[in-house]
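Residue-level listing of the chains:
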Amino acid sequence: MAGKNAQQKLVNLRKYLKNQGVSGYILPNTDEHLSEYLPPHSERLTWLTNFRGSAGIGIILENQAALFVDGRYILQARHQTDGKLYTSFLINDKTPIQWLKEKIKKGEKIAYDPWTLTEKEILNFESALQEKGASLKALKQNPIDAIWMDRPKFPNFKIIPHPKKYSGIDKDVKIKDLVKTLKQHTIDAYATSILENVAWLLNIRGNDLESLPVTISHLIVHQSGIVDFFVDEKKLSASIKAHLGSKVRLHSYSKFLSELEKLGKKKSVICIDPDMSPAILIHTIENAGGKVIRKFDPLLLPKACKNPTEIQGARDAHIRDGAALSSFLAWFSEQAPKGKLDEIKAADKLFDFRLKQKNFKSYSFPTISSTGPNGAIIHYRVTPETNRPIKKGDIYLVDSGAQYLEGTTDVTRTVIVGNKATQEQKDRFTRVLKGHIALALAKFPKGTTGSQLDALARYPLWQAGIDYNHGTGHGVGSYLGVHEGPQRIATVPNRIPLEAGMILSNEPGYYKEGAFGIRIENLVVVKAAGKIKGAEKEMFEFETLTLAPIDLNLVDIKLLGPAEKAWLNAYHKRVRETLTPLVDSKTKAWLKKVTKVL
C-alpha cells in the first residue's frame, strides 16, 4: 500500500498544477537521461505513488490519477499504490493515451517535463489531445521537484577510469571511430545524455546510481575529434582529468543546453537518437536554428557487440559469480527447510557470498528474493512490509546479478524448499526448462532478430495453454547496464539483428498468481556457429555464460527429450567441473549431488 503522505502529496501536486494553469501532468518513471535505474533525487514517480518498479508512467488529473505498467509490474503496482488514489492498468490493455482521451475535456492543458519524454512520445500525446480539443504544455520546472521539500541531493561520487585491460579498446580509438561515422554522414556533432554511452565511449565508470556504474553527465562529440563533457566538477580527480586528456573539454553539468543552443545558432548539423533522448535536446537545437539528424545512435551497436577482451571478461565474471551463487544455493538447501529464513535474510546472505569475490563492485540490480506467492510478482522487490518467511514446500525464486570489473551478471534460479514438489510445479518448471534449452540450442542465420527466436522459448508452455508476460531476453552490458539495447528477445518486433559478441539473457518463466513463480535465466553470448554440414548461410549460435545448477527436484524427466537431457547433463557437468575447485567442501559435495546425470 502507499505511504502515509500519498494523499497529501497528490493534493500539493494538484494545487501546483492549478497555479501553472494546467489540468494534469504526465509523469514517466525516468529522469533527464531517460534512465531505467534512477538516483534517489530522480525517483519522482516512486516518491509520489510509492510504486517501486523500474518502468511505468503516471497521469495525474484534477480528480483522478492512473498508473500504467507492463506485465512485469502490474501486481506490484496494485500492491504498492493506494487504489483509492491511483487506478493501475496493464499497458497492453489500456495505454496512457487511450485513458487520457477518455478523461480529458475540451480546452484543458496537460503538463509535461520535456527532459523526461522523447519527441515521439510528445507528438503522440499532442495528437491525441488535439483530437479532443485539448493541448500539451511544457513546464520549465518539473512539478514534482517544486513540491518535494526533502528531495535527496544530487550525487557527486568520483569518476573512475575503466582501464583497457577491461574495456579492450582505448577511448581514443572509440572516439576516432565515431568521428569517422560523423564525417561519412556530413554531421558536425553527436550529442547524448545516455549515461551508459558516455561511460562506454570515455572508458569511465562511476557510482552515482545504486547498481549501474555510471556518472551523471552529458556529452557532445565534434567532427574535429574534440569532446565536450558536461559533469559536476566535484567528480573530477587529477587522475581522471589525465585519463580524459586534452581533447576532452570539461564543462559544468548545467551548461549542456546552452552549448547545444550555441551549436544551433551556428547552423550546425547534430546527430541525436530521437528514441533515446529527451525531447528538449532536439527542441533546443532546432529552436536556435540548427539541424538535427534523427539517427539511430551510432554507439549502440559498437557497445552491444562485445570485443574479445569484454567477452573473456564476461566468462571470468560468470565463473566467480557462479561460485558465489552455488555456495548460496548449497547453504540455502540446508537452511531453508528449517523454517528460519525469510526473503530478506536470503537476499542478504547471497550478497555476502558475492562480496567475497574478486573484483566485485556492487549488485547489478536489486535482488528479487521471492517465495511462494511473491514469486508470481515478476519484478518483486522485498521490503520489510512484504517480507515473507520461507517455508517448506515453497517455490523460492531468486533473480540477482552483480557488477564485476570484468563484466555484468544476471541469473535466476528457482528451487523447491524441501525437495518435494507437486506434479503441477514439476510440469510448469519443466516446460520453462524446455523453452530455455530450446533457445540455448538454437542455430540461426545472420540477420535473425530476437523476435524471430522468441517463440522457441514459449512453445513448450503454449502446448499447455500457458505463457509468460515478459520478454524472453534482454541485452546486457560489460560492467555497465544489466538491461542494454538494442538487442532483445521478445514478442515485440525488433529490427536489430543479433550479432556476434552480443550478450543477452535467456529467461522464460511461468507465474501462477497467488501461488508461485518460476524463471530460469542464464546469460548467453552470440557467436559464430560450429560447422554445419551442407550449410549455405553464415550461422550463429549461443554460448552460455552463466554457471549454476538447475534444480532437478523440479524436473519431470518424462517431459524431456533425448537432446534436452543431453544438454542438461552437459551443462551440469560443465558447472560441476568449473566451480568445484572454487568452493568449500560442503558446496563441493552439494554440487556433486545436484548435478548428477539424468
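Residues numbered from 1 in each chain as written. Predicted model: local features only at pLDDT ≥ 70, side-chain atom pairs only at ≥ 80, totals over all residues. Heavy atoms only, no water.

**Side note on empty space enclosed by the protein**
To be explicit about the condition: Using only the protein atoms, space was sampled on a 1 Å grid; points where a 1.4 Å probe fits but cannot get out form cavities, open sets with protein on both sides within 12 Å along at least five of seven lines form pockets, and lining residues are those with an atom within 4 Å of a point. Grid points are joined across faces, edges and corners, and a volume is the space filled by probe spheres set on the points. Under the convention adopted here, Pro, Cys and the residues Ala, Val, Leu, Ile, Met, Phe, Trp and Tyr are nonpolar, Asp, Glu, Lys and Arg are charged, and Gly plus all remaining residues are polar.
Enumeration over the complete set of coordinates arrives at 1 cavity of 30 Å³ or more. The volume enclosed by the largest cavity comes to roughly 40 Å³. Considering the residues around the largest cavity, the lining is formed by His-318, Asp-321, Gly-322, Leu-325, Thr-409, Asp-410, Val-411, Thr-546, Leu-547 and Ala-548. Here the lining of the largest cavity is composed, by residue class, of 4 nonpolar, 4 polar and 2 charged.

**Re the layout of surface pockets**
Vacant regions in the atomic arrangement are exposed by a probe of water-molecule size rolled over the atoms. Stated formally: Numbering of helices and strands starts at the N terminus; helices are DSSP runs of H or I of at least 4 residues and strands are runs of E of at least 2.
By volume, the second largest pocket is sized at about 450 Å³. Asn-419, Asp-551, Asn-553, Trp-590 and Val-594 are the residues nearest the centre of the second largest pocket, which is lined by 19 residues in total. Mapped onto the lining of the second largest pocket, the elements with two or more residues apiece are helix H14 (308-335), strand S20 (411-416) and helix H19 (585-594). Here the residues of the lining of the second largest pocket are counted per class, giving 12 nonpolar, 4 polar and 3 charged.

**Notes on helix H8 (residues 171-184)**
Applicable threshold: Each helix should span, by expectation, one fewer than its residue count multiplied by 1.5 Å. Contacts are residue-level and defined by heavy atoms, with any inter-residue pair within 4.5 Å sufficient. Counting of polar contacts relies on pairs of N or O atoms within 3.5 Å, with two restrictions inside protein: one atom must be capable of donating a hydrogen and the other of accepting it, and residues adjacent in sequence are counted only when both atoms are side-chain atoms.
Between its first and last C-alpha, H8 extends 20 Å over 14 residues, near the 20 Å set by a 1.5 Å rise per residue. In this structure, the buried side of H8 is in contact with helix H7 (164-167), strand S8 (189-192), helix H9 (195-202), strand S10 (218-222), strand S11 (227-230) and helix H10 (238-244). One side-chain oxygen at the N-terminal end of H8 lies 2.9 Å from the backbone nitrogen of Asp-172; it belongs to Asp-170. Remark: Thr-186 follows H8 within two positions and exhibits a positive phi of approximately 55 degrees.

**Side note on the packing of aromatic side chains**
Note on aromatic pairs: each is described by the distance of the centres and the angle between the planes. Just so we agree on the cut-off: By convention, a stacked pair of Phe, Tyr or Trp rings (six-membered ring in the case of Trp) has centres within 6.5 Å and planes under 30 degrees apart, an edge-to-face pair has planes over 60 apart, and any other such pair is tilted. Under the scheme applied here, a residue whose accessible area is under 20% of the maximum for its type counts as buried, over 50% as exposed, and between as partly exposed, the area being computed with a 1.4 Å probe on protein chains only.
A full pass over the atoms with the stated rule returns 16 aromatic pairs. Summarising the aromatic geometry, the rings of Phe-332 and Tyr-396 are spaced 4.6 Å apart at their centres and angled 20 degrees between planes, so their arrangement reads as stacked. Taken together, the positions of Phe-332 in helix H14 and Tyr-396 in strand S17 (residues 395-400) put the pair 64 residues apart, joining distant regions of the chain. Of the residues examined, Phe-332 reaches a relative accessible area of 3% and is grouped as buried. Seen from their ring centres, Phe-351 and Tyr-363 are 6.4 Å apart, and the 75 degrees between their planes marks the pair as edge-to-face. Highlighted residues: Phe-351 in helix H15 (residues 343-355) and Tyr-363 in strand S15 (residues 360-363), separated in sequence by 12 residues.

**Describing the domain arrangement of the chain**
The condition that has to hold: Domain extents, as shown, originate in an automatic or database domain assignment. Buried area: the accessible area, evaluated with a 1.4 Å probe, that two parts lose upon being put together, summed over both parts. Put simply, a salt bridge is a Lys or Arg side-chain nitrogen that is within 4 Å of an Asp or Glu carboxyl oxygen.
Assigned domains of the chain: these are domain 1 (1-146), domain 2 (160-296) and domain 3 (305-595). Averaged C-alpha coordinates put domain 1 and domain 2 at centres separated by 29 Å. Facing 16 residues of domain 1, the contacting portion of domain 2 comprises 22 residues. Counting each side, the surface lost to burial between domain 1 and domain 2 is near 1,400 Å², with a carbon and sulfur contribution of 64%. On the domain 1 side of the contact with domain 2, His-33, Trp-115 and Glu-119 bury the most area, a combined 49% of that side's loss. Between Glu-119 and Arg-294 there is a salt bridge; the shortest N-O distance is 2.7 Å. Taken together, the connections running from domain 1 to domain 2 amount to 7 residue pairs in polar contact (both at pLDDT 80 or more). Here the element with the most residues in the side of domain 1 that touches domain 2 is helix H5 (residues 119-131); it accounts for 3 residues.

**Thoughts on the sheet that holds S15**
In plain terms, the rule: By the convention used here, strands pair only if DSSP detects at least 2 bridges between them. An axis is simply a line fitted to the C-alpha atoms; with a helix, the fit covers only the stretch in contact. Between two such axes, the angle follows the N-to-C directions and lies from 0 to 180 degrees.
Pairing is antiparallel across the open sheet formed by 3 strands, whose spatial order is S15-S18-S19. The sheet is open, and its two edges are formed by S15 and strand S19 (407-408), each paired on a single side. Relative to strand S18 (residues 402-404), S15 runs antiparallel, the two being bridged by 3 bridges. The residue bridging Tyr-363 from the neighbouring strand is Ala-402, located in S18. Packing of H15 onto the sheet brings it into contact with S15 and S18, and relative to S15 it is tilted by some 160 degrees.

**So, the environment of Glu-36**
Mapped onto the elements of the fold, Glu-36 is located in the loop between strand S1 (24-28) and helix H2 (44-49). Residue classification places Glu-36 among the partly exposed positions, given a relative accessible area of 25%. A C-alpha to C-alpha distance of 32 Å links Glu-36 and Lys-105, two positions 69 residues apart in sequence. Beyond its immediate sequence surroundings of up to four residues, Glu-36 is in contact with Ser-54, Arg-72 and His-483. Side-chain polar atoms of Glu-36 contact the side chain of Ser-54, separated by 3.2 Å.

**Section: unusual backbone geometry**
Note on backbone geometry: most residues besides glycine have negative phi, and most peptide bonds are trans. For the bond from Gly-485 to Pro-486, the omega torsion is 10 degrees, close enough to zero to count as cis. Following the sequence through the fold, Pro-486 ends up in strand S23 (residues 484-489). The phi dihedral of Asn-359 is positive, around 65 degrees, even though this residue is not glycine. As for its position among the elements, Asn-359 is in the loop between H15 and S15.

**So, the UniProt feature "domain: Peptidase M24" (unreviewed entry) in the chain**
How we decide: UniProt positions are given in the numbering used here, feature names are shortened, and annotations may be inferred rather than shown by experiment.
Here, the residues flagged by UniProt with the feature "domain: Peptidase M24" (unreviewed entry) are residues 314-527. The straight-line gap between the two end C-alpha atoms of residues 314-527 is 14 Å; of that span, 31% is helix and 26% is strand.

**Let's talk about the state of the cysteines**
What counts, and what does not: Two cysteine sulfurs form what is called a disulfide whenever their separation falls within 2.5 Å.
On inspection of all chains with the given rule, the structure shows 0 disulfides. Free of any disulfide, Cys-271 has its nearest neighbouring cysteine sulfur in Cys-305, separated by 18 Å. Relative accessible area serves as the criterion here: at 24%, Cys-305 is assigned to the partly exposed category.

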